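# Coordinate inspection notes
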Amino acid sequence: MRIKNICCIGAGYVGGPTMAVIAHKCPDIKVTIVDINEQRIADWNDENLDNLPVYEPGLADIVASARGRNLFFSTDVEKAIDEAQMIFISVNTPTKTYGLGKGKAADLKYIELCARQIAAVAKNDKIVVEKSTLPVRTAQAIKDILDNTGNGVQYQILSNPEFLAEGTAVQDLLNPDRVLIGGDTTKEGQEAIEALVEVYANWIPRENILTTNVWSSELSKLTANAFLAQRVSSINAISELCEKTGADVNEVAKAIGMDSRIGPKFLKASVGFGGSCFQKDILNLVYIAKSYGLHEVADYWEQVIIMNDHQKRRFASNIVRTLYNTVSGKKIAFLGWAFKKDTNDTRESAAIYVADDLLFEQANIAVYDPKVEKGTIYRDLDYLGTRPADANRENVTVYTDPYEACRDAHAIAILTEWDEFKQYDWQRIYDNMKKPAFVFDGRNILEGQKLEQIGFVFSEIGK
Ligand code: NAD
Ligand code: UGA
C-alpha cells in the first residue's frame, strides 16, 4: 500500500518536528497534525515562525517549506483520523501520579483515549503507529480496544519509536542513526511495515531502517534511553570520586572514551540529566521489571535515577556549603533553566530541583535563560508543590538580561550549557557582583582558569 495521507495525534516536541520532516521530505503525502490543545495548534499555524511552540534549530525553515502545501495543523481530530490511511499516536505518556503504579508506571490514559477515538471514527482499514514511548506490550492493549470498540474495520499496529534528542531534533530526523519499525509477523503485519518503510525510504537509506517484531521495538526504545541515562549517571558517580581524589572527570572521560568499546559520547559529567523522558522511561522499565517479579533487574535500573537525584542535590548543597553554610537572603544567579541547550523545554530540568533546594535555604534566585519564558519557570516551581505560588514569585526573579541577573549576586550557577554563556564579558559580570564572587559550573562549559584569573572562586563538577 502506498501511503498518501497521514494523521498524527499530538503536536508536541515529537509529533511537530517528526511530521514536519516527513511532510518536507515527502511532498506527495498529506500530513495533518492534530491536537486537543487549541493554543498549541494556533501557535504551529502562527505566521510569525518565531512563535512556533517548539524551539529547535532549523525547525522553522522545515515548517515553512511544507506548511499549507502538504503539512497541516488542526484541532479537528476526527476529520484527520477519518481521512488518513496511517495514524501516528504521538501523545504524552507521563509517569502516573495516582493509583496503581503511581510514581513509576507510564500513564497511558492519553494513548487509550486516542485508540478509542480512532475506533469510533474509522470507517476503513488503518495502520496505527505508536510513535510515543510505551511500555512493552502496549500494542496489545491498543489492538484490543480497536478490535472491540471499532466499526469492524481492520487495524495493523506498528511500533515506530522516536530517537530524536531535543536541541538536535531536525538533524536527528534528517540523518537518523536508524529508524526502528516493529510489526506483526503476519503477512498483513509485514505489509504494514513495508508501507511505513517506504515513507522513510524517501530520505533514509534502507539499510538504516530496521524492522523487528512489535515487542522488540517497544522494548528497544526504553532500553536505549536507559542505556544513555546510565552513562550519564555512571560518569556523574565518578565525578564525585574525582572531587575527593584530585582526578579530573573530563580527563577520565576522555581517557575511557578513547576505548572504542566505550566510545566518547554521553560521558559529560553534569548537574544531572533532565528532560521529559530519561527519568520517566527508566521508572517505567523499573515498574515493568517489578511487575514480572524481576526485582534485581528493577533495582539495577532504579540506581540510575537514585544517582541522578543525588547529583542534583549534591550540587545545591555544595553551593550552600561553599557560601559559608548560608545562602539565606543571598542572590544566586542561575544561567540557564532549560534541561539542555538549544531547546525551550524545561521538563525535569536539573535547574528546577537545584532552585527548590536553594529556596528551602531561603536564597533569592535570579534566572536568565535565552529561550525559556518567565511563566514556564514559575509553573515548573509551582508544579513541585513544595511551597505556595506566592513564595516562588517573591523569591525567584526572571531576567531578560544576563548581566542584570548576575548584578549583586553572591554566586552564579550554570544550569544549562548554552553556548552564549561562554561569550559573556565575565570581567564585567565579576565587577558587578558581591565579593567573594563564586561560579558553580554545573555543565563544565566555562574555563576555570580564566575565571579564576579574573578573581572568581570557581567550582566545576568532578574537579
Ligand atoms: P508533548 O507533551 O510535547 O506533546 C504531546 C501532545 O499530545 C500535547 O500537545 C497534548 O495536548 C497532545 N494530546 C494528548 N492527548 C491527546 C488526544 N487525546 N488527542 C489529541 N492530542 C492529544 O510530548 P512529547 O515530548 O512530544 O512526547 C510525546 C511522546 O514521545 C512521549 O511518549 C515521549 O516519551 C516520546 N518521546 C519524546 C521525545 C522528546 O524529545 N520529547 C523523544 C522521543 C520520544
Ligand atoms: C534523549 C535521548 O538522547 C533521545 O535519543 C531520546 O529520543 C529522547 O531522550 C527521548 O526519548 O525523549 P533528550 O532528553 O532530548 O534525548 O536529550 P539528551 O541529549 O539525551 O540529554 C538528556 C539529558 O542528559 C540532558 O539534561 C543533558 O544535559 C544530559 N546529559 C547528556 C549529560 O548530562 N551528559 C551527557 O554526556 C549527555
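Here goes a summary of the coordinates provided. (Residues numbered from 1 in each chain as written. Chains lettered and ligands numbered in written order. Predicted model: local features only at pLDDT ≥ 70, side-chain atom pairs only at ≥ 80, totals over all residues. Heavy atoms only, no water.)

## Quick look at the site of ligand 2
- Surveying the vicinity of ligand 2 reveals 20 residues, the closest of which are Phe 163, Leu 164, Ser 270, Cys 277 and Lys 340.
- Lys 221 has a polar side-chain atom sitting 2.8 Å from an oxygen atom of ligand 2.
- Against a free-state accessible area of 700 Å², the protein chains account for coverage of 90% of ligand 2.
- In terms of residue count, the dominant contributor to the shell around ligand 2 is helix 9 (residues 214-245) (four residues).
- Residues belonging to the shell around ligand 2 are distributed by class as follows: 11 nonpolar, three polar and six charged. (Near = heavy atom within 4 Å. Polar contact = N/O pair within 3.5 Å; in protein donor to acceptor, adjacent residues only side chain to side chain. Areas by Shrake-Rupley, 256 points an atom, 1.4 Å probe, with all protein chains shown as cover. Helix = DSSP H or I, 4+ residues; strand = E, 2+ residues; numbered from the N terminus. Nonpolar A, V, L, I, M, F, W, Y, C, P; charged D, E, K, R; others polar.)

## Digging into the pattern of salt bridges
- Counted under the stated rule, the structure contains 29 salt bridges.
- One salt bridge in this structure joins Asp 345 and Arg 347, with 3.0 Å as the shortest N-O distance.
- What makes Arg 347 partly exposed here is its relative accessible area of 36%.
- Of the charged contacts, one joins Glu 404 and Arg 407 as a salt bridge, the two residues approaching to 3.2 Å between their closest N and O atoms. (Salt bridge = Lys/Arg side-chain N within 4 Å of Asp/Glu carboxyl O. Buried < 20%, exposed > 50% of the residue type's maximum accessible area, 1.4 Å probe, protein only.)

## Notes on the side chain of Asp 380
- When you line up the elements, Asp 380 lands in helix 14 (residues 374-384).
- Comment: no salt bridge for buried Asp 380; closest opposite-charge side chain is Arg 379, at 6.0 Å.
- In this structure the side chain of Asp 380 is engaged in a polar contact, spanning 2.9 Å, whose partner is the side chain of Trp 337.
- If near-sequence neighbours (up to four positions away) are discounted, Asp 380 is found in contact with Trp 337, Thr 346 and Ile 352. (Lys, Arg positive; Asp, Glu negative; His and termini not counted. Contact = heavy atoms within 4.5 Å.)

## Description of the sheet that holds strand 12 (residues 411-414)
- Strands sit in the order 11-10-9-12-13-14 across an open sheet of six strands; the sheet is parallel. The sheet is open, and its two edges are formed by strand 11 (396-399) and strand 14 (457-460), each paired on a single side. Neighbouring strand axes in the sheet, compared pairwise and without regard to direction, differ in orientation by 20° on average.
- Sheet analysis places strand 10 (residues 364-368) next to strand 11, joined by four bridges and oriented parallel. Opposite Tyr 368, over in strand 11, you have Tyr 399 as the bridge partner.
- Those strands touched by helix 13 (residues 350-360) are strand 9 (331-335), strand 10 and strand 11, and its axis lies near 175° from that of strand 9. (Pairing = 2+ DSSP bridges. Axes fitted to C-alpha atoms, helices over the stretch in contact; angles between N-to-C directions.)

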